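# Close look at the chain arrangement
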Amino acid sequence: MIDLQRDGDVYVLRFDAGENRFGPDFLGAVEDALDTVAKNGGPGALVTAGTGKFYSNGLDLDWLGGHRDEFEPYLSRVHALYARLLTLPMPTVAAVNGHAFAGGAMLVLAHDFAVMRTDRGYFCLPEVDLGMSFTPGMSALIRARLPAATAHEAMITGRRYTAEEARAAGIVQRTAAEDGVLPAAVELAASLAAKNGAVVGEIRTGMYGPALAALNGPPLG
C-alpha cells in the first residue's frame, strides 16, 4: 500500500493502493511514513508518487458510506495530513503520475512543488459536479496555494486540467512524460534537500498561517 525508500537525501514515498483513496489504513500508513521522514537529522527532501494511472482520487467515499458517524473525525484526519505536509521540516515535491482528483488534488497542493505527467491524467476539483462543497480548511488550502483566478475556475467549474494546462494555470511547476515524472521530481527535490528543514517548515507556517488554522480547526466550520 505504501512504500518508503531513500534515494540519497531524498525520501520517496510511493502510494500503491489502486486509486490511492484516503481510507483509514492508507492514512495510517502515510502518517507512519511521515513520522519516519520527520526524524531526518540532516539534508533531506520528500517526494510522493502514485502508481499506474492514479496519483490519488482523494476521500474514500465507499468507506464513508458505511461509517457516516465517523465523518467529522475522518475529515479532521484528512485535514491533519494536509497540515502535516505544509509544516514538514523539509522541501516536498509531488510526482503526479496520473489522476489527482478532489482530495488527491488538494494533497498535491500541500506540497511545495509538483511535476505532472503529460500523456495521461488530470488535476481536478470535481466537488461542484458531485454536489459537494469544500470544507473551510480545504477551501483555505486551495486559495492559499493557487492563483486567485485559477482557484476560482477550478472550484466553480470542476475543470479537468491536463499537465500543460495545469502548468500554465500555476497548479504545477514542471511536466514530464510518464517515465520522467518521478526522476524529475527526485532531481528537483535533491536540488532543495540542503535547505535548512526546520527553517523551511517555519517559513511555510508563516506563509500559510490562515490555511493551517482552518485545517486545524473544526472540519465543518
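Notes on the structure in this doc start here. Because the structure is predicted, anything quoted here is derived from the model rather than measured.

### Here we look at the packing of helix α3 (residues 71–87) against helix α11 (residues 209–216)
Packing of α3 against α11 leaves a shortest axis separation of 9 Å and a crossing angle of 150 degrees. On the basis of their axis angle, the class for α3 and α11 is roughly antiparallel. Between α3 and α11 the crossing geometry is left-handed. Facing α3, whose interface residues are His79, Tyr82, Ala83, Leu86 and Thr87, α11 presents Leu212, Ala214, Leu215 and Asn216.

### What about the sheet that holds strand β11 (residues 160–161)?
One open sheet holds the 4 strands; their spatial order is β5-β8-β10-β11, and the pairing between them is mixed. Both edges of this open sheet fall to β5 (54–56) and β11, since each of them pairs with a single strand only. Pairing of β5 with strand β8 (residues 99–101) involves 2 bridges; the strand directions are parallel. Residue pairing in the sheet places Phe54 in a bridge with His99 of β8.

### Concerning unusual backbone geometry
Of note in this structure, Asn20 is not a glycine but carries a positive phi near 55 degrees. Mapped onto the elements, Asn20 comes out in the loop between β2 (10–15) and β3 (21–22). For Asn20, a relative accessible area of 0% gives the class buried. Look at Ala102: it is not a glycine, yet its phi comes out positive at around 50 degrees.

### Some points on helix α10 (residues 197–207)
The complete set of buried residues in α10 reads Gly197, Val200, Gly201 and Arg204. The buried residues of α10 all sit within an arc of 95 degrees when viewed along its axis, so they share a single face. Within α10, the exposed residues directed more than 90 degrees away from the buried face are Glu202 and Gly206. The inward-facing, buried residues of α10 contact α3 and β7 (92–96).

### Quick look at the packing of helix α6 (residues 136–145) against α11
Between α6 and α11, whose axes approach to 7 Å, the crossing angle comes to 160 degrees. Looking at the two axes, α6 sits roughly antiparallel to α11. The crossing of α6 and α11 is left-handed. Contacts between α6 and α11 involve Pro136, Gly137, Met138, Ala140, Leu141 and Ala144 from the former and Ala211, Ala214 and Leu215 from the latter. Here the contact of α6 with α11 is composed, by residue class, of 8 nonpolar, 1 polar and no charged.

Definitions and limits used
- Throughout, a residue's number is its position along its own chain's written sequence, starting from 1.
- Where totals are concerned, whole chains, interfaces and linings use all residues; where local detail is concerned, this predicted model gives features only for residues with pLDDT of at least 70, and gives and counts side-chain atom pairs only at 80 or more.
- Excluding hydrogens and water, the side-chain values take into account all heavy atoms of the structure.
- Throughout, an axis means a line fitted to C-alpha atoms (over the contacting stretch in the case of helices), and angles, computed between N-to-C directions, take values from 0 to 180 degrees.
- The way it works is that DSSP assigns letters per residue, a run of H or I at least four long becomes a helix, a run of E at least two long becomes a strand, and they are numbered from the N terminus.
- In these notes the angle categories are as follows: under 35 degrees is roughly parallel, over 145 is roughly antiparallel, 65 to 115 is roughly perpendicular, and the rest is oblique.
- Each helix crossing is assigned a hand: it is left-handed if the near helix lies turned anticlockwise from the far helix by less than a right angle, otherwise right-handed if that turn is clockwise.
- Residues are treated as being in contact if the distance between any of their heavy atoms lies within 4.5 Å.
- Only strands that DSSP links by at least two bridges are regarded as paired with each other.
- Accessible area is worked out with a 1.4 Å probe on protein chains only. A residue is then buried under 20% of its type maximum, exposed over 50%, and partly exposed in between.
- The reported arc concerns the directions from the helix axis to the C-beta atoms and nothing else.
- Side-chain classes follow a simple rule in which Ala, Val, Leu, Ile, Met, Phe, Trp, Tyr, Cys and Pro form the nonpolar group, Asp, Glu, Lys and Arg form the charged group, and the remainder, Gly included, forms the polar group.

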